[in-house]
Amino acid sequence: MRADEDTGDKLPSREQLEERLREAEETLDAIRRGEVDAVVVHHPDGERIYTLESADRPYRVLVEHMQEGAVTLTSDGVILYCNRRFAALLGLTRESMIGRSVIPYLERADARVMTELLSGGADAGAGRAAEVTLHRTDGHAIPVTLSAVDLPFEADLPRIICIIATDLTHARQRSHELAATNEQLAAEMVERRSAEDRLAVALDAAGMGSWDIDLEQGSVTISRQAEVILGLAEAGSAARTPDSLLHPFLAHEQAEVKAAFDLAMTTGVLDFERRVRSPSEESARRWVHVIGRTYHRDGLPARLVGVVADVTERRLMETQLRQAQKMEAVGQLTGGIAHDFNNLLMVIGGSLDVLESSIPGENARAQRFFAAAKSGVERGASLNQQLLAFSRRQDLQAQPVCVDDLLRAFATLLSRALGETVSLELPQPAQRWYCRSDPHQLETAILNLAINARDAMPHGGRLTIMTALTTLTPREALAVDAEAGSYVVVRVRDSGTGMTPETAARIFDPFFTTKAMGKGTGLGLSQVYGFVRQSGGFVNVTSEMGQGTTIDLCLPYTDEVAAASPVTQAPTAAGDGRVLVVDDDINVREVSVAMLSALGYTTVEAGDAVEALGILAQRSDIHVIFSDVIMPGEINGLDLARYVRANYANVAVVLASGYTAQQRDDKGTPSDVELLRKPYSRAALAAALTRARAAQA
Amino acid sequence: MTAVEDMQPGDDGQVHLRLYVAGQTPKSLAAIANLKRLCEEHLSGRYSIEVVDLQVTPQLAAGDQIVAVPTLIRRLPPPLRRVIGDLSNAERVLVGLDMIPRSSTP
Ligand SMILES: Nc1ncnc2c1ncn2[C@@H]1O[C@H](COP(=O)(O)OP(=O)(O)OP(=O)(O)O)[C@@H](O)[C@H]1O
Ligand SMILES: [Mg+2]
């Protein structure tokens, strides 16, 4: 330092001495005037600065106005000074606190902490801190951080500790809020995760898979179940792209599937059913239902999320249900027509029977016309029988039938019907199963199938008829609208042309035929269908163009064995006695009366059951009641029969009906009442009357 | 102004001042504020001030032989000049720093 060097070892000049004197005087002046508030005292071991009174006012102001509490304490906790803020924290005035111990202002448990802060331990001088709780006079607790530091120690002074107290209430509150928010967030996450788990379980139970396309990333997330449904499981899930979701769909439909996905970005919804290749069988197809929704971010499609389900079975069941409903409706219609048609045939056939005897035997021409007319009636009757069969209103005589026995007894007839170019094969079954069925109708059904097969094999081929036993679970049974249980399957397979799916869908419809005019009426399979359904069974058809056709008749299995009793036809016997003829159709009644008269009976007529009962009550010379089953009015033929059997022990009853199956099912026919199927011949009528009267005797 | 003409600035015309204070005592704070104002008025652009806080570095008091605080030292131009006090009397400061002639000798 230059100044020092200048005034160094050399003796100071007079001017310098004067200058120093002047400086010393000025210093004293300044001190006197109060322009100085600190002095430097030069000690051998260094300089010390002493500030004069009130020199610390700026610090005071700072301390007084700061937001922290400040307090100076003796080492045993007596408050020497505290700022306004510290007093405010405790809700007290400063005056009341100075000179008191700080300990009572603390939570009891914190007294020890304070003692430690005050004692300072080994390294006094260093700052120390602790969190404690202050007790306000109003009972509130204030959490604070205390940071303590010792005032520079001087040997002759008592220890003084300075403490700054920072109010933690707000910080605590915020951290509580934060903790609460965190907790809520965690709870929401748990809830969400469990919701996702539940959703996954629910989707699984519903047989659905979920998928999620991130349109921004171009990535796909897909559940295990969805992979299985779409047959994607083998493809490996790494780096799946939205386009890879198209692959399972049939090649020629992929463009349309893609179009549906693209459209969903604008419409927001995706919903379609399409076929996918079955993962297990290359040739098989399965139907999948895809439903989804588009989620937008900033107005742009960001995600496409949805589910996928295999709906093959549902679609199959829907088709079957539709078919069954259609069959039911057509059956109702057919049944109604068949009833009227039957009455017409009855009138014509009956009239012919009556007239026949009045034609002279030598009139060959008239005899020929008569024969033609009668065969026309017979043909009409057999057609009508098929209609009734279809409408499931024929009078089935169900009994245990061994299909194989029936087939073998029937084989010659079948072979003849098939012609020479078609060979018939009847493989031996593993066992002789019995089903409950009407053997005559079963024969007719098999004959119908055989003739169809023959027509499908114009250049010859092979027809195989075999039997098997199958058991349906409730689920499988539901799909074919039948009862669960065992069925005897009569499988009729040909090597013919096969059918297009469109034809196969309609073959059971009455009058559906692809055959030339006059070649087929389209009633063959209608009979088959109606008969099998009425027997409590079902029919399965498998056919492919060029691959032949297989038709399975499934009939309820039974473990009863038939006590097969061939129906014997009684010879026509001349009758005698009085017959009360009851029919609402006057034409039918007249024909019946004429036939009965021709058989030797005398007759009385009634238009309905009430009239008939009136006649019965008046006359005791009625031997037989011959009534139609279906009649308008309160009492039908069956009711009449039951009443007569109960009240007139010596009056026999014969009932005639176009279809009696339903009525018999409902209440049952008395066992000694004869049933006659319309249209009936004179011979059949004679036999029925004879049997009824015999039962009476 | 005559005062300015009488001034003897350093070679480069710069006046270098050093102010000794003791923390933030009221006189120290006042001295800083007064000095700043005086310099702006009379030495604008030609001065530099160095503030030495003896509370922080008491050993620096020895160099300039400081006994009372605040004390202002003119380091440049020589000779060394010192003014003691809070510098509230502008005339005394200017005299003490040789910026105006001494009116009388005490
Ligand atoms: N085995 C078969 N192979 C190919 N097509 C068949 C077969 N069985 C039936 N079909 C088709 O089903 C249609 C309906 O058969 P359905 O037996 O009901 O009537 P149809 O044979 O035409 O006349 P019909 O009343 O004389 O039996 C047939 O016209 C034919 O197109
Ligand atoms: Mg046919």
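All values derive from a computational prediction rather than experimental measurement. (Residues numbered from 1 in each chain as written. Chains lettered and ligands numbered in written order. Predicted model: local features only at pLDDT ≥ 70, side-chain atom pairs only at ≥ 80, totals over all residues. Heavy atoms only, no water.)

Focus: the overall build of chain A
Part 1: Within chain A, the secondary structure is distributed over 21 helices and 24 strands.
Part 2: Across the 697 residues of chain A, 39% fall into the buried class.
Part 3: Within chain A, contacts between residues at least 6 apart in sequence are counted, and of these 60% link residues at least 24 apart.
Part 4: If you sum the accessible surface of chain A, you get close to 38600 Å²; carbon and sulfur atoms cover 54% of it. (Helix = DSSP H or I, 4+ residues; strand = E, 2+ residues; numbered from the N terminus. Buried < 20%, exposed > 50% of the residue type's maximum accessible area, 1.4 Å probe, protein only. Contact = heavy atoms within 4.5 Å. Areas by Shrake-Rupley, 256 points an atom, 1.4 Å probe, with all protein chains shown as cover.)

Comments concerning the confidence of the model for chain B
All names here are of chain B.
Part 1: Looking at chain B as a whole, its pLDDT mean stands at 78, while 84% of the residues score no less than 70.
Part 2: When pLDDT is averaged over each element of chain B, strand 1 (residues 15–21) comes out on top at 90 and helix 1 (residues 2–6) at the bottom at 39.
Part 3: Every residue in residues 1–10 scores below 50 in pLDDT, and together they form 15 contacts with partners more than four places removed in sequence or on other chains.
Part 4: For this predicted complex, the interface score ipTM comes out at 0.77, alongside a pTM of 0.47. (pLDDT = per-residue confidence, 0-100.)

Examining the site of ligand 1
All names here are of chain A.
Part 1: With respect to spatial proximity, 18 residues lie near ligand 1, and among them Thr513, Thr514, Lys515, Thr521 and Leu523 are the closest.
Part 2: The separation between an oxygen atom of ligand 1 and a polar side-chain atom of Thr521 is 2.7 Å.
Part 3: Contributions of two or more residues to the shell around ligand 1 are made by helix 13 (439–456) and helix 16 (524–534).
Part 4: The greatest single-element share of the shell around ligand 1, amounting to three residues, is contributed by helix 13. (Near = heavy atom within 4 Å. Polar contact = N/O pair within 3.5 Å; in protein donor to acceptor, adjacent residues only side chain to side chain.)

Structural notes on the interface of chain B and chain A
Part 1: Contacts between chain B and chain A engage 34 residues on the former and 28 residues on the latter.
Part 2: With both chains or domains summed, chain B and chain A bury close to 2600 Å², and 54% of this area falls on carbon and sulfur atoms.
Part 3: In this assembly, chain B and chain A are joined by two salt bridges.
Part 4: Of the charged contacts in the structure, one is a salt bridge between B:Arg82 and A:Glu23, with a shortest N-O distance of 3.0 Å.
Part 5: Of the strand pairs in this sheet, strand 1 (residues 38–43) of chain A and strand 3 (residues 68–69) of chain B are connected by two bridges, and their pairing is antiparallel. (Buried area = accessible area lost by both parts, 1.4 Å probe. Salt bridge = Lys/Arg side-chain N within 4 Å of Asp/Glu carboxyl O. Pairing = 2+ DSSP bridges.)

Considerations on unusual backbone geometry
Residues and elements named next belong to chain B.
Part 1: The omega torsion across Leu76 and Pro77 is -10 degrees, close enough to zero to call that bond cis.
Part 2: For Pro77, the location among the structural elements is in the loop between strand 4 (71–76) and strand 5 (81–84).
Part 3: A cis amide bond links Pro78 with the next residue in sequence, Pro79, at an omega value of 0 degrees.
Part 4: The residue Pro79 is located in the loop between strand 4 and strand 5 in this model.

Digging into the packing of helix 17 (residues 586–599) of chain A against helix 21 (residues 682–696) of chain A
All names here are of chain A.
Part 1: Running from N to C, helix 17 and helix 21 cross one another at 70 degrees; their axes reach a closest spacing of 10 Å. Judged by the angle between their axes, helix 17 and helix 21 are roughly perpendicular. Contact residues: Met595, Leu596, Ala598 and Leu599 in helix 17; Arg682, Leu685, Ala686 and Leu689 in helix 21.
Part 2: In terms of residue class, the contact of helix 17 with helix 21 is made up of seven nonpolar, no polar and one charged. (Axes fitted to C-alpha atoms, helices over the stretch in contact; angles between N-to-C directions. Parallel < 35°, antiparallel > 145°, perpendicular 65-115°, else oblique. Nonpolar A, V, L, I, M, F, W, Y, C, P; charged D, E, K, R; others polar.)

Points about the packing of aromatic side chains
The geometry of an aromatic ring pair comes down to the distance between the two centres and the angle between the two planes.
All names here are of chain A.
Part 1: Per the counting criterion, the structure on display carries seven aromatic pairs over all chains.
Part 2: A ring pair is formed by Phe390 and Tyr529, whose centres lie 6.4 Å apart and whose planes are at 35 degrees; its orientation type is tilted. Taken together, the residues span a long stretch of sequence, with Phe390 in helix 11 (residues 364–390) and Tyr529 in helix 16 at a distance of 139 residues. Across the pair, Tyr529 and Phe390 agree in class, each one buried.
Part 3: Connected via pairs of aromatic rings, a cluster forms that spans Trp211, Phe249, Phe261 and Phe272.
Part 4: Its guanidinium or amino end placed over the ring of Trp287, Arg315 lies 3.5 Å from that ring's centre, counting from NZ or CZ. (Phe/Tyr/Trp six-rings, centres within 6.5 Å; stacked < 30°, edge-to-face > 60°. Lys NZ or Arg CZ within 6 Å of the ring centre and 35° of its normal.)

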